[in-house]
Amino acid sequence: MSQSISRTSVPTSPAVAAAVEGEPLPLVPLRIPKLDQGIWQQPDSKLQWLRDNKLSMFVHWGVYSVPAQGEWHMFVSKTKPTAYRSQHTDAFAARSQSFDPAAWAALARELGAGEVVLTTRHHDGFTLWPSRHPHAWTSADAAFPAGTDFVKRYADAVRAAGLRVGLYYSPLDWRYPGNYDVTGANPPSPALTSDCVLPGSPYPWNHEGTDPAAFDYRENARVMKNEVYQSVKELVTDFGAVDDIWWDGGWLAHQGTDADGSFFWEPGRYRDPANDWPVDAAYGENEPDTGKPLGLTGLIRRHLPDVLSNPRSGWVGDYDIDEGPVVPSGPVRFGRLVQKAFSVSGDTWAYTGDNAMPFSSAMDMLVNCFVRDMCVILNVCPDATGAVPSRQVEVVRRLGGFMSANREALYGTRGGPWNPVDGQFGFTFDDRTVYAHLLAGYSGGSGFTSPSLGDAEVTAVYDVVSGKPLPYEVTGGNGVTITGIDRTRYPDDTVVAIVLDRPVVPTDIARGCPTTADSVEASHGNLAANAVDGDTSTRWCAADGGTGHWLRTDLGSVRPVTGVRIAWELPAKAYRFRVEGSTDGSDWTTLADLSGNTTAAQVQVITFTARTRHVRVTVTGVDGGARASIRSLEVYDRPFLDPSVPADVR
């Protein structure tokens, strides 16, 4: 058996090169779950619905819908908590009785969303369900008819419409002065920012007594934390299977980040029994097997093991948030799932009147997210009766028309595989079809030329909306030039499908193949097969910390191989190794020798050319604290690259 090995070049052996034109096609970079505060991010399999759905609908609705000044009205106007409550509770209680959550669900379906998220409690502290904490301000207030539970009605209606249920919750609560001074320093240290105090005072604006210097802010903060734990316990036990917990407001005193507030909220798996702000037994919950007190993520995962959550509790989150009206630009957001959050009102997140952003602006936001492999949560702003303003409804329905007409190019696709060109075009793809999205600013008229399609051949090109075939011809470098594109139906995004004779991105040929190792950590289930199961949350691990341990996979027959992609167990550790090949499983040839590797990269790409049946990775050394352990061993038979991996580790 002979191999010609090159770690950095495109394969050149006759067995492979005959089919190769142009540049290698990019793989989808791996997302590897992270461990934070004692709990792992959800694996890809549990995020797939959010990635595939592409679009969620947000609903900001609460007492703040009455003054119609936006959801931050209480803070901006510096209205004291008791005054805010007395001014708006009765009006909200009267107007809210006509709210129709089935209408929200129907609007979400018209949008093409797969999920709805409701603000169960915003920063003003009003809960849309009858919370049982003694200090809660809730729909059980005397002003509301007995039994009022907006969250239950919402969850039931959304599920009945076949949509997933998301619950927004803010631990931040403007009714508690302790939020601004959890340590009880006198005066607060660090000093509060000017927007958090009244003129001439160093103390929080929401203190209502006559002597703010004598107030026990520390204990007030602890009571606030107790209410949060009681609220979250109710949200994850009282409303059935919830799919998404959308945190907001994990920061303290309107300063720093959500992560900066994690010492107080304890958003990880467990709470520290010695934490300076303990949660009373009546409001917290312990893990049954260990008796350990559960933190916020531990609490929701105990009751909802498949639930997703964002990072705004101070825990790393299962997906990231990009909030605001700025249209995404730059490269594809691979390696993590990013959700763009914006309000169709164009300004605030809650009701301020019958206003909405232009349809073209909303389209610009959606499409620029999708071609960057992002998902979107689009917010609507019902008035106090629950009615969504007509202008917002119009934009939502038009967006839904676009989503429906271009369904195949959106739902269940990935952004890429190539980076978009800002303001011009971008791509999504699925299996053997790549979709070119020509944006409003595209300057190429009715023609378009794709990047190099690598070793693939084009079998068809068509307009996605009409299904009409389009003329095309292959260009130098194996791109394809398309003509006759009709950009009049959806000028903000005209979508063209390019169908190939093979998958758009190279396929891992080791997936599910028989795989063995000389040593396995069987007691923890870290078996050899885990390295080829396509799941980066599982791994193969040797039973001890020694070197020389190997992992071997059988491709089933002798075939051309162009390289491997390896995801090691740990980040920031240098793994030293050899990649070897064999046609018979007995005689082995070195395909790549990285025994001197010093690169601490969790994912490494090694390209070479060979004909082999068996591929073996032997770990010759590891940095301290690591074992021979592989999350993913992928083998390829087509030219490929991983755009997330620096050139010096591929």
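Placed above this text is the structure.
Bear in mind the structure is a predicted one, so any value in this text is a computation, not a measurement.

Caption draft 1: Region of the structure containing the overall build of the chain. Of the regular secondary structure elements, the chain holds eleven helices and 29 strands. In summary, the chain has a C-alpha radius of gyration of 28 Å against a globular reference of 26 Å for 650 residues, a match within 12%. For the chain, buried positions account for 59% of its 650 residues. Restricting the contact set of the chain to residue pairs at least 6 apart, pairs at least 24 apart contribute 74%. Carbon and sulfur atoms provide 50% of the accessible area of the chain, an area that totals close to 23,600 Å². Here the chain contributes 57 positive and 76 negative side-chain charges, whose respective centroids are spaced 2 Å apart.

Caption draft 2: Examining unusual backbone geometry more closely. Look at the link from asparagine 186 to proline 187: it is a cis peptide, with omega at -5°. Topologically, proline 187 is positioned in the loop between β8 (164-169) and α7 (217-235). Note the cis peptide between glycine 416 and proline 417, where omega equals 10°. Even without being glycine, glutamine 37 reaches a positive phi, approximately 50°. When you line up the elements, glutamine 37 lands in the loop between β2 (35-36) and β3 (39-40).

Caption draft 3: Molecular detail of the packing of aromatic side chains. In total, this model carries 38 aromatic pairs according to the counting rule given. Site record: aromatic cluster; members linked through ring pairs are Trp61, Tyr84, Phe92, Phe99, Trp104, Phe126, Trp137, Phe144 and Phe150. Taking the ring centre of tyrosine 229 as reference, the NZ or CZ of arginine 271 above it sits at 5.2 Å. The ring of phenylalanine 359 carries arginine 398 above its face, with NZ or CZ at 3.9 Å from the centroid.

Caption draft 4: Spotlight on the sheet that holds strand β14 (residues 414-415). With antiparallel pairing, five strands are arranged side by side in an open sheet as β14-β15-β16-β21-β18. Of all strands in the sheet, those bounded by a partner on one side alone are β14 and β18 (458-463). Bridge count between strand β15 (residues 425-430) and strand β16 (residues 433-439): six bridges; the pairing is antiparallel. Residue pairing in the sheet places phenylalanine 425 in a bridge with leucine 438 of β16. On top of the sheet, helix α10 (residues 359-370) reaches β14, β15, β16 and β21 (493-500); it is set at about 145° to β16, its chief contact.

Caption draft 5: Expanded view of the side chain of arginine 333. Looking at the secondary structure, you find arginine 333 in the loop between β11 (320-323) and β12 (338-343). The buried charged residue arginine 333 lacks any salt bridge partner; its closest oppositely charged side chain belongs to aspartate 322, at an N-O distance of 4.8 Å. Side-chain polar atoms of arginine 333 contact the backbone oxygen of serine 329, separated by 2.9 Å. Polar contacts involving the side chain of arginine 333 include one to the main-chain carbonyl oxygen of proline 331, which spans 2.7 Å.

Conventions and cut-offs
Residue numbers here run from 1 along each chain, matching the order of that chain's written sequence. Local features in a predicted model are, by the rule used here, given only for residues with pLDDT of at least 70; side-chain atom pairs are given and counted only at 80 or more, and totals for whole chains, interfaces and linings are based on all residues. Hydrogens and water are ignored here; the side-chain numbers use all heavy atoms of the structure. Starting at the N terminus, helices and strands are each numbered in turn, a helix being any DSSP run of H or I of at least four residues and a strand any DSSP run of E of at least two. Based on C-alpha atoms, the radius of gyration is set beside the globule rule, defined as 2.2 Å times the residue count to the power 0.38. When a residue's accessible area, from a 1.4 Å probe over protein chains only, is under 20% of the maximum for its type it is buried; when over 50% it is exposed; and in between it is partly exposed. By definition, residues are in contact when any of their heavy atoms lie within 4.5 Å. Accessible surface area values rest on a Shrake-Rupley calculation with a 1.4 Å probe, where residue burial reflects the displayed protein chains alone. We treat Lys and Arg as the positive residues and Asp and Glu as the negative residues; His and chain ends play no part in the count. For charged residues, the charge sits on one atom: NZ in Lys, CZ in Arg, CG in Asp, CD in Glu. Stacked, edge-to-face and tilted are the three classes for Phe, Tyr and Trp ring pairs, Trp counted by its six-membered ring, which pair at centre distances within 6.5 Å; planes under 30 degrees apart are stacked, over 60 edge-to-face, the rest tilted. Both a distance and an angle decide whether a charge sits over a ring: NZ of Lys or CZ of Arg must be within 6 Å of the ring centre and within 35 degrees of the ring normal. Strands are treated as partners if at least two bridges between them are detected by DSSP. Axis definition: a line fitted to C-alpha atoms, limited for helices to the stretch in contact. Angles are taken between N-to-C directions and run from 0 to 180 degrees. We count a salt bridge whenever a side-chain nitrogen from Lys or Arg sits within 4 Å of a carboxyl oxygen from Asp or Glu. Residues adjacent in sequence count toward polar contacts only when both atoms are side-chain atoms; beyond that, a polar contact is any pair of N or O atoms within 3.5 Å, and within protein one must be able to donate a hydrogen and the other to accept it.

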